[in-house]
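# Tertiary structure, described
One letter stands for each residue in the lines below.
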Amino acid sequence: MSVLAVGLSHRSSPVALLERVALNGETRTKAVGDMLGSDSVNEVMVVSTCNRTEVYADVATFHGGVAAITELLSWHTGVPLGELSEHLYVHYEDRAVQHLFSVTCGLDSMVVGEGQILGQVRDALKEGQEHATVGRVLNDLGQRALRVGKRAHTETHLDHAGADMVSFGLGEALRPLGATVTPEPSGVTVESTTPAEGAAAPPGCPMSGATAAPAGSGTAFAVSADSDVPAASDAEVARPAPASLAGVRVLVLGAGSMSALSANTVARQGAGRVVVANRTHERAARLAECLTEAYDAVDAVAVPFEEAATALADVDLVISCTGAQGVVLAADTVAPAAEGRDRPLVFLDLALPRDIDPAVRDLPGTHLVDIEDLRQAAAGGAGGGTDRSGSLTLVRGIVEEEVAEFGAVRRANQVTPTVVALRAQAQDVVEAELTRLHGRLPDDLGPKAREEITRAMRRVADKLLHRPTVRVKELAKAPDGESYEVALRELFDLDPQAPGALAAPTGPTHAERSAQEKA
């Protein structure tokens, strides 16, 4: 079978279309189920972030797979097929593998090198495993992609020089508040607020997917590759150091991984007060408790989600990433809180679909930054910063190496059924000859002699087949290696799908039973 990738991202599509095509919740479940119902699609995994929607599939045929996936994406999202097709990209086989590896390393991200995408790919794979939409092909691919992503970050430290979505977004959003963005000196972690001594995310805390950051990362808690972190954003810009938030009052909407990272970032940068609102109040309360335990000077509280609008009047910055399907804060809800302010009420909307009504940006006394604004800022090279060309070159080399190795392993695995079929055919010939031979041997020939004859004939067959089967597996690893497998099938008239090629006999053979009866 073959790997196919179909998707659209911040590189190929405007945010407005990405918002319409986002596959969340029940819509994703139904779309994946219908894709698997197609004759051309065997396995499906969906990687969905605020900057991409991508479908990875194991398909029987290229054209059939592309048609099934694109038509069902159009059907389930309501986006006309013609409009959708203008922004879709399609990758097949090694190109599809290379694309997933690059995405997982952060090379295709808006913020190049961000590590949160590792968590999103891991979540996509886990979801596919739990719902049985991922089989051997995509499971192997997904596991390898995670390994490649972790290797790239470990060996090149690309994420140390890059940004995450929150720090990049804050750098863009906080300008109206007069916050300064000061580059961090190499090897020094800049913290306006010092974490409590021995601070660590408590067990069960929404921040528990975070670990102590390496020096120079500028992060008190860095998201680990194994944490439940949704892919944040994605931009080819160097990391702007987080702005100082001394005295700034912040409202965080949501208590998931992205919101937890946002709350941690503003707390580290000295926010005077952090208010957390979430539909599940217990999660908001737990996140606020974590902030209080991790930072001595942070005043963190949780409020019911229904009271978020009331809290607007007492904050300077709102960060939202709830995962809701509709607008969370409408313009008419925001308007009263924006009146008569000395400085703008700033909104940073990291959600897709967007949480904050775009009409908010037209209200006096407000400043809204959302995914579209960040995409444009990234395209314009906002942030400048550290030269990471060396790290990027290393990561691309790792991706190229891993794609080649993964392809070689896949091709070697694909020849296995044919090798098994050849051995099964040889075994059948040996057993048939043993049956004929045992019928002609003298009746007084003892069981030990008969057993030695049986073993000798089997050894001859095994030795004759050993070198060719080992050699064909080696040759199959080459880019054109499938031709050897085809030649083997044709020469010996083999059927890799025959039962004998899929399972070895578990009981005594017919020849063995005849020998035992005669003895």
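The residue numbers shown here count from 1 along each chain, following its written sequence. A pLDDT threshold of at least 70 governs which residues receive local features in this predicted model, and a stricter bar of 80 or more applies before side-chain atom pairs are shown or counted, although totals over entire chains, interfaces and linings include all residues. Just so you know, side-chain values use all the structure's heavy atoms and leave hydrogens and water out.

### Considering the overall build of the protein chain
Where we set the bar: A run of DSSP states H or I qualifies as a helix once it reaches four residues; a run of E qualifies as a strand once it reaches two. Both are numbered from the N-terminal end. To be clear on the numbers: accessible area is Shrake-Rupley with a 1.4 Å probe, and residue cover counts the displayed protein chains and nothing else.
Scanning the protein chain from terminus to terminus reveals 19 helices and 12 strands. As presented, the protein chain carries roughly 22600 Å² of accessible surface, and 52% of it is formed by carbon and sulfur atoms.

### Focus on the state of the cysteines
Condition: Cysteine sulfur atoms are paired as a disulfide whenever they come within 2.5 Å of each other.
Per the counting criterion, the structure on display carries zero disulfides. Cys 321 forms no disulfide, and the closest cysteine sulfur to it belongs to Cys 50, at a distance of 6.6 Å.

### Comments concerning the nonpolar core
A general trend in soluble globular proteins is that nonpolar side chains are found buried together. The condition is simple: Among the buried residues, those of types Ala, Val, Leu, Ile, Met, Phe, Trp, Tyr and Cys that are joined through side-chain atoms within 4.5 Å form a nonpolar core. Buried, partly exposed and exposed residues are distinguished by accessible area as a fraction of the type maximum, computed with a 1.4 Å probe on protein chains only: under 20%, between the cut-offs, and over 50%, respectively. Here, two residues are considered to be in contact whenever any of their heavy atoms come within 4.5 Å of each other.
Counting residues in hydrophobic clusters, the biggest one holds 68 residues, and the most contacted among them are Ile 69, Val 274 and Leu 350. Per element, the largest residue contribution to this core is six residues, and it comes from helix α10 (residues 257-268). If near-sequence neighbours (up to four positions away) are discounted, Leu 350 is found in contact with Cys 50, Met 165, Val 166, Met 258, Ser 262, Ile 319, Ser 320, Cys 321, Ile 371 and Leu 374. By size, the runner-up hydrophobic cluster in this structure holds 32 residues, among which are Cys 105, Val 134, Leu 141 and Phe 406.

### Observations concerning α10
Convention followed: A helix is expected to reach a length of 1.5 Å times the quantity of its residues less one.
Helix length check: α10 (12 residues) gives 16 Å between terminal C-alpha atoms against 16 Å at 1.5 Å per residue, within 8%. In terms of residue burial, α10 counts as a mostly covered element, since 11 of its 12 residues are buried. Here α10 has its buried residues at Met 258, Ser 259, Ala 260, Leu 261, Ser 262, Ala 263, Asn 264, Thr 265, Val 266, Ala 267 and Arg 268. Where α10 terminates, the next one or two residues include Gly 270, which has phi positive at roughly 90 degrees.

### As for the packing of helix α9 (residues 165-173) against α10
Packed helix pairs are specified by the crossing angle of their axes together with the interaxial distance, meaning the distance between the axes. Going by this rule: Orientation is described by axes fitted as lines to C-alpha atoms, over the contacting stretch for helices, and by angles from 0 to 180 degrees between their N-to-C directions. Each angle is binned into one of four classes, with values under 35 degrees roughly parallel, values over 145 roughly antiparallel, values of 65 to 115 roughly perpendicular, and all other values oblique. Working rule for handedness: look at the near helix, and if it is turned counterclockwise from the far one by less than a right angle, call the crossing left-handed; if clockwise, right-handed. Any residue that is not Ala, Val, Leu, Ile, Met, Phe, Trp, Tyr, Cys, Pro, Asp, Glu, Lys or Arg is counted as polar, Gly included; the first ten are nonpolar and the last four charged.
For the pair α9 and α10, the least separation of the axes is 9 Å and the interaxial angle reads 55 degrees. Here α10 runs oblique to α9, going by the angle between their axes. Classified by chirality, the crossing of α10 by α9 is right-handed. Of the residues in α10, those touching α9 at Met 165, Val 166 and Leu 170 are Met 258, Leu 261, Ser 262, Thr 265 and Val 266. Partitioned by chemical class, the residues of the contact of α9 with α10 number six nonpolar, two polar and no charged.

### Let's talk about the environment of Leu 84
Within the fold, Leu 84 resides in helix α4 (residues 81-85). Here the alpha-carbon distance between Leu 84 and Ser 74, two residues 10 residues apart in the chain, equals 6.9 Å. Look past the residues within four positions of Leu 84 in its chain and what remains in contact with it is Leu 8, Val 21, Thr 70, Leu 73, Ser 74 and Val 79.

### Observations concerning the pattern of salt bridges
Selection criterion: A carboxyl oxygen of Asp or Glu within 4 Å of a side-chain nitrogen of Lys or Arg is what we treat as a salt bridge.
Within the structure shown, the criterion is met by 33 salt bridges. Arg 28 is paired through a salt bridge with Glu 127; the nearest N and O atoms lie 3.1 Å apart. On the criterion of sequence distance, the pair formed by Arg 28 in helix α2 (residues 25-36) and Glu 127 in helix α6 (residues 116-130) is long-range, its members being 99 residues apart. Using a relative accessible area of 29% as the deciding quantity, one classes Glu 127 as partly exposed. Between Glu 402 and Arg 147 there is a salt bridge; the shortest N-O distance is 4.0 Å. The class for Glu 402 is buried, based on a relative accessible area of 1%. Look at the salt bridges and you will find they share partners, linking Arg 144, Arg 147, Arg 151, Glu 155, Glu 401, Glu 402 and Glu 405 into a network.

### Topic: the packing of aromatic side chains
What counts is decided by this rule: Only rings of Phe, Tyr and Trp enter the pairing, Trp through its six-membered ring, and a pair is recorded when the two centres are within 6.5 Å. The plane angle decides the type: under 30 degrees is stacked, over 60 is edge-to-face, the rest tilted.
Under the criterion given, the structure shown has two aromatic pairs. Arranged with centres 4.9 Å apart and planes meeting at 65 degrees, the rings of Phe 62 and Tyr 92 form a pair that is edge-to-face. Remark: Tyr 92 occurs in strand β4 (residues 89-92) and Phe 62 occurs in helix α3 (residues 62-77); sequence separation between them is 30 residues. Judged by its relative accessible area of 29%, Tyr 92 falls in the partly exposed class. Ring geometry for Phe 101 against Phe 406: centres 6.1 Å apart, planes inclined by 70 degrees, an arrangement best described as edge-to-face. Take Phe 101 and Phe 406: they sit in the same class, and that class is buried.

### Comments concerning the pairing of strand β3 (residues 52-59)
The condition is simple: Two strands form a pair only when DSSP identifies at least two bridges running between them.
In terms of burial, β3 is largely enclosed, as eight of its eight residues are buried. Burial along β3 is two-sided: the face carrying Arg 52, Glu 54, Tyr 56 and Asp 58 and the face carrying Thr 53, Val 55, Ala 57 and Val 59 are both buried. Bridge analysis of strand β1 (residues 2-9) against β3 gives eight bridges, and the strand direction is antiparallel. Among the inter-strand pairings, Val 3 is bridged to a residue of β3, identified as Asp 58. Here strand β2 (residues 41-49) pairs with β3 via eight bridges, running antiparallel. By the bridge assignment for β3, Glu 43 is matched with Asp 58.

### Considering the sheet that holds β3
Taken together, the four strands give an open sheet; going across it, the order is β2-β3-β1-β4, and neighbouring strands pair in antiparallel fashion. The two strands at the open ends of the sheet, each matched to only one other strand, are β2 and β4. If you compare each strand with its neighbour and ignore which way they point, the axes differ by 15 degrees on average. Sitting on the sheet, α3 is in contact with β1, β2, β3 and β4, with an inclination near 35 degrees to β1. In the packing of helix α7 (residues 136-156) onto the sheet, contacts are made with β1, β2 and β3, and the angle to β2 comes to roughly 35 degrees.

### With respect to the confidence of the model for the protein chain
What counts, and what does not: pLDDT measures how confident the predictor is about each residue, on a scale from 0 to 100.
Summarising the model, the protein chain shows a mean pLDDT of 80, and 80% of its residues fall at 70 or more. Here residues 209-243 is modelled with pLDDT under 50, and outside its nearest four sequence neighbours on either side it reaches 141 contacts, counting other chains as well.

### Observations regarding the sheet that holds strand β11 (residues 345-349)
Think of a sheet as strands paired side by side through backbone hydrogen bonds, with each pair either parallel or antiparallel. Across the sheet, six strands lie side by side as β9-β8-β7-β10-β11-β12; this open sheet has parallel pairing. Of all strands in the sheet, those bounded by a partner on one side alone are β9 (299-304) and β12 (366-369). Ignoring which end each strand starts from, the neighbouring axes of this sheet average 20 degrees apart. Strand direction decides the pairing type here: strand β7 (residues 249-253) and strand β8 (residues 273-278), joined by five bridges, are parallel. Following the sheet pairing, Leu 251 is matched in β8 by Val 275. Its contacts with the sheet place α10 against β7, β8 and β10 (317-320), and it is angled at close to 170 degrees to β7.

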